Amino acid sequence: MQWDDLLREGANAFETRYGTAPTWIAAAPGRVNLIGEHTDYNDGYVFPMALERYTVALGAPRNDGRICLASSADASVVELPAGEQPQPLPKGSWGNYPLGVLAGFARRGHRLPGMNVWIHSSVPLGGGLSSSAALEVAIATLCEAALGIELDPVEKALLCQEAEHRFAGMPCGIMDQFIAVLGRADHALLLDCRSRNFEHVPMQDPDVAVLVINTQVKHELTGSEYPTRRKQCEQAAATLGVPALRDATPDQLETARSKLDPVVYRRARHVIGEIARTLQAAEAFRNRDWVRAGELMYASHASLRDDYEVSCPELDLVVELARERGVEGGVFGCRMTGGGFGGCAVALVRTGAVPAVQAHIQAAYRARTGIEPTLFVTRAGQGARVVQR
Ligand code: GLA
């Protein structure tokens, strides 16, 4: 969906529901992570870029001191007094994301006004493209506009991460919220998740395209896979005697191998290898060395599949289908992206080869799984901003 259409649809829906035009409009993007998976909560590096797909939050003041939150994606509406400290809703309610953000503002001493809010989005929901971070950051940006303030960007990302931890019950790292706040058009972002220093790396080569392939599957059965991985990483770091896996070298890991549970050993091997690969990949992207960047993406996928065990047959299939084309067929590299167990893969493709690659993956994936995947090409989008105040 085009940006203009997204805004127009959002504004129309706002008027239909509330009977006035929106006063404030804010937007925040979804993201695709190029490399650096499951490294953020290990104090490592990540290398995501914002999508050209956005969540828009529209708002207008309301004179009864209440806040009303509604969305085109879900029929349930959330309403509360603006002066009240929000409490979490039952797990799985969409309202937990905006409520968590409102709570973060309240906790920092900001008094939000009564307002009507409408959410409209072109980020695919639940597909591993950080629709939840886009929602949190869009709401936070709307609150900034309503309050006439501007938070420090890092503080804003942390506030949104907190919402995810406290209200959505997901102990995520900082990557998704950070890129939603600090993404820059036509750039990927290399982030040091410990110091929070970052670098915008240009992604402007017209000859190379980022292709996102949505497997349309989601296998996270218990929901405990992510927190379990986090714990295993902490356990490995404790055994190695380092503050975080970021501080461990491959040699240290090998030396300590006998002291580690074999599964924990493999988890740590993924993380330590992935952090190194991320820095190497950022260097390859800087140098426009797409062949090297692609090799690192394949290596990342193999490690996530075999050592970290967060891939699934459908993601593996997409990566194999991409690999079949080879560099000669225009594919430099491909890997799963995001938390795993379904969702999306990301491929780096020669622009001229995009139609053929897309057709190949789509047809073969459908034939082998009976599932219709969705594919789209994206440039690096823009981080959160106030569109109207
Ligand atoms: C999810 C989390 C991120 C990150 C990725 C894995 O998207 O929200 O913080 O840990 O998984 O890289």
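Basis of the calculations
Residues numbered from 1 in each chain as written. Predicted model: local features only at pLDDT ≥ 70, side-chain atom pairs only at ≥ 80, totals over all residues. Heavy atoms only, no water. Salt bridge = Lys/Arg side-chain N within 4 Å of Asp/Glu carboxyl O. Buried < 20%, exposed > 50% of the residue type's maximum accessible area, 1.4 Å probe, protein only. Helix = DSSP H or I, 4+ residues; strand = E, 2+ residues; numbered from the N terminus. Near = heavy atom within 4 Å. Polar contact = N/O pair within 3.5 Å; in protein donor to acceptor, adjacent residues only side chain to side chain. Areas by Shrake-Rupley, 256 points an atom, 1.4 Å probe, with all protein chains shown as cover. Nonpolar A, V, L, I, M, F, W, Y, C, P; charged D, E, K, R; others polar. Expected span 1.5 Å × (residues − 1). Contact = heavy atoms within 4.5 Å. Pairing = 2+ DSSP bridges. Axes fitted to C-alpha atoms, helices over the stretch in contact; angles between N-to-C directions. Domains from an automatic or database assignment. Buried area = accessible area lost by both parts, 1.4 Å probe. Parallel < 35°, antiparallel > 145°, perpendicular 65-115°, else oblique. Left-handed = near helix turned anticlockwise from the far one by under 90°.

Attention shifts here to the pattern of salt bridges. A complete count under the given rule lists 27 salt bridges for this structure. Salt-bridge contacts for Arg62 lead to Asp64; the nearest nitrogen and oxygen are separated by 2.9 Å. Under the relative-accessibility criterion, Asp64 is labelled partly exposed at 41%. Across the pair Glu283 and Arg286 runs a salt bridge, and its minimum N-O distance is 2.5 Å. Residue Glu283 and its partner Arg286 are located together in helix H8 (residues 262–286), separated by 3 residues, close to a single helical turn. Three or more residues are tied together by salt bridges with common partners; here these are Glu37, Glu274, Arg277 and Arg335.

What surrounds the ligand is the set Arg31, Glu37, His38, Asp40, Tyr41, Met170, Cys172, Gly173, Met175, Asp176, Tyr226 and Gly339. In this structure, Glu37 approaches the ligand through a side-chain N or O atom, which is 2.6 Å from an oxygen atom. For the ligand, an oxygen atom lies 2.7 Å from a polar atom in the backbone of His38. In isolation the ligand offers 310 Å² of accessible surface; the protein chains occlude 94% of this area. For the shell around the ligand, the residue count by class is 5 nonpolar, 3 polar and 4 charged.

With 17 residues, helix H9 (residues 290–306) should cover 24 Å at 1.5 Å per step; its first-to-last C-alpha distance of 24 Å lies within 8% of that length. Taken together, the buried positions of H9 are Trp290, Ala293, Gly294, Leu296, Met297, Tyr298, Ser300, His301, Ser303 and Leu304. If you follow the buried residues of H9, they end up packed against strand E1 (24–35), strand E8 (208–218), H8, helix H10 (313–325), strand E9 (331–337) and strand E10 (342–350).

Our focus in this paragraph is the sheet that holds E10. Judged by pairing direction, the sheet is antiparallel, and its 4 strands sit side by side in the order E9-E10-E8-E11 without closing on themselves. Here the strands that pair on one side only, and so sit at the sheet edges, are E9 and strand E11 (374–378). Shown here is a sheet whose adjacent strand axes are inclined to one another by a mean of 20 degrees, direction ignored. One ladder, built from 6 bridges, connects E9 with E10; its direction is antiparallel. Bridged to Gly333 within E10 is Leu348. Packing of H9 onto the sheet brings it into contact with E8, E9 and E10, and relative to E9 it is tilted by some 30 degrees.

In this section: the domain arrangement of the protein. Domain boundaries assigned for the protein yield domain 1 (3–201 + 381–388) and domain 2 (203–378). Distance from the C-alpha centre of domain 1 to the C-alpha centre of domain 2: 26 Å. Contacts between the two partners involve 38 residues from domain 1 and, on the opposite side, 43 residues from domain 2. A combined buried area of about 3400 Å² lies between domain 1 and domain 2, and 63% of that area is made up of carbon and sulfur atoms. In terms of surface lost to domain 2, no three residues of domain 1 exceed Ile35, Glu37 and His38, which account for 20% of the buried area on that side. Along the contact surface separating domain 1 from domain 2 lie 4 salt bridges. A salt bridge links Arg286 to Glu199, with the shortest nitrogen-to-oxygen separation between them at 2.9 Å. The tally of links from domain 1 across to domain 2 stands at 23 residue pairs in polar contact (both at pLDDT 80 or more).

Attention shifts here to the packing of helix H2 (residues 96–107) against helix H4 (residues 153–168). Two numbers describe how H2 lies on H4: the axes approach to 8 Å, and their chain directions differ by 120 degrees. Relative to H4, the element H2 is oriented oblique. Between H2 and H4 lies a crossing of right-handed hand. Across the interface between the two elements, Asn96, Tyr97, Leu99, Gly100, Val101, Ala103, Gly104, Phe105 and Arg107 of H2 pack against Leu159, Cys160, Glu162, Ala163, Glu164, Arg166, Phe167 and Ala168 of H4. When grouped by side-chain class, the residues that make up the contact of H2 with H4 number 10 nonpolar, 3 polar and 4 charged.

Below, the discussion takes up the environment of Phe47. Within the secondary structure, Phe47 is located in strand E2 (residues 45–61). For Phe47, a relative accessible area of 0% gives the class buried. In this structure the C-alpha to C-alpha distance between Phe47 and Ile179, which are 132 residues apart in sequence, comes to 9.2 Å. Every residue in contact with Phe47, bar those within four places of it in the chain, is listed here: Asn33, Leu34, Ile35, Ala188, Leu189, Leu190, Val201, Thr278, Ala282 and Phe285.

Attention now moves to the packing of H2 against helix H3 (residues 131–147). The geometry of H2 relative to H3 is characterised by a closest axis approach of 9 Å and an angle of 40 degrees between their N-to-C directions. As summarised for this structure, H2 and H3 are arranged oblique, according to the angle between their axes. Where H2 crosses over H3, the two elements pack in a sense that is right-handed. When H2 is examined against H3, the residues Tyr97, Pro98, Val101, Leu102 and Phe105 are found in contact with a partner set consisting of Ser132, Leu135, Glu136, Ile139, Ala140, Cys143, Glu144 and Leu147. Counted by class, the contact of H2 with H3 contains 10 nonpolar, 1 polar and 2 charged residues.

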